[in-house]
Amino acid sequence: MTSYGSSSAASSGSRTNGLAIASLCCGIVGLFLLNIVLGPLAIVFGAVARRQASVRNGAGMAKAGIVLGIVDVVLWLLLLAVAASNGGFSWYVGG
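### With respect to the overall build of the protein chain
Across its full length, the protein chain carries three helices and zero strands. Residue burial in the protein chain is summarised as follows: out of 95 residues, 20% are buried. Excluding contacts between residues fewer than 6 apart, the proportion of contacts in the protein chain whose partners are at least 24 apart in sequence is 68%.

Right under this line is the structure:
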């Protein structure tokens, strides 16, 4: 029977930085939804996680989150430019 404090694979001590995971998740979700909000969040979380990379693992995830955050912001700017060139924004409610 194992005791409560025994070592296992889940508590091996090499935990991934939570901000790196948050950055990557915000970057991925931002490609599809709310990219103007989640893109900058991914960049900020990734930058903070990269500064903490010497303490915890996750430097690669943080870098990927930063890159995806930049892609999110560029995608939003591109969509904004396309919408503006097509005569702006308009709301049409059936009828």
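What follows continues from the structure just given.
### Observations concerning the packing of helix H1 (residues 18-30) against helix H2 (residues 35-51)
Between two packed helices, what matters for the description is the angle formed by their axes and the separation of those axes. Where H1 contacts H2, the axes come no closer than 8 Å and their chain directions differ by 155 degrees. Here H1 lies roughly antiparallel to H2, going by the angle between them. You can see that H1 and H2 cross each other, and the crossing is left-handed. From H1, Leu19, Ala20, Ala22, Ser23, Cys26, Gly27, Val29 and Gly30 reach across to H2, where they touch Asn35, Leu38, Leu41, Ala42, Phe45, Gly46, Val48 and Ala49. Of the residues that constitute the contact of H1 with H2, the class distribution is 11 nonpolar, five polar and no charged.

### Focus: helix H3 (residues 59-85)
Given a rise of 1.5 Å per residue, 27 residues ought to cover 39 Å, and the 39 Å separating the end C-alpha atoms of H3 matches this to within 8%. Buried residues of H3: Ala62, Gly65, Leu68, Gly69, Asp72 and Ala83, and no others. On its buried face, H3 sits against H1 and H2. Positioned one or two residues after H3, Gly87 has a phi angle of 95 degrees, which is positive.

### So, the packing of H2 against H3
Put simply, H2 and H3 touch, their axes get as near as 7 Å, and they point 155 degrees apart. One element, H2, and the other, H3, form an angle in the roughly antiparallel class. Read as a crossing pair, H2 and H3 show a hand that is left-handed. Across the interface between the two elements, Asn35, Ile36, Leu38, Gly39, Pro40, Ala42, Ile43, Gly46, Ala47, Ala49 and Arg50 from H2 touch Ala59, Ala62, Lys63, Gly65, Ile66, Gly69, Ile70, Asp72, Val73, Leu75, Trp76 and Leu79 from H3. The residue makeup of the contact of H2 with H3, split by class, is 15 nonpolar, five polar and three charged.

### Observations regarding the environment of Gly58
Mapped onto the fold, Gly58 is located in the loop between H2 and H3. Distance in space between the C-alpha atoms of Gly58 and Arg15 is 8.6 Å, their sequence separation being 43 residues. What Gly58 contacts, discounting residues up to four positions off in sequence, is Thr16 and Ala20.

### Let's talk about the confidence of the model for the protein chain
Residues with a pLDDT of 70 or more make up 80% of the protein chain, whose mean pLDDT is 83. Within the protein chain, H3 has the poorest average pLDDT of any element, 91, and H1 the best, 94.

### Structural notes on the state of the cysteines
Every disulfide links exactly two cysteines, by a covalent bond between their sulfur atoms. Taken as a whole, this structure holds zero disulfides when the rule is applied. Of the cysteine sulfurs around Cys25, a residue in no disulfide, the closest is that of Cys26, at 7.1 Å. We classify Cys25 as partly exposed; its relative accessible area is 43%.

The rules we used
Residues numbered from 1 in each chain as written. Predicted model: local features only at pLDDT ≥ 70, side-chain atom pairs only at ≥ 80, totals over all residues. Heavy atoms only, no water. Helix = DSSP H or I, 4+ residues; strand = E, 2+ residues; numbered from the N terminus. Buried < 20%, exposed > 50% of the residue type's maximum accessible area, 1.4 Å probe, protein only. Contact = heavy atoms within 4.5 Å. Axes fitted to C-alpha atoms, helices over the stretch in contact; angles between N-to-C directions. Parallel < 35°, antiparallel > 145°, perpendicular 65-115°, else oblique. Left-handed = near helix turned anticlockwise from the far one by under 90°. Nonpolar A, V, L, I, M, F, W, Y, C, P; charged D, E, K, R; others polar. Expected span 1.5 Å × (residues − 1). pLDDT = per-residue confidence, 0-100. Disulfide = S-S within 2.5 Å.

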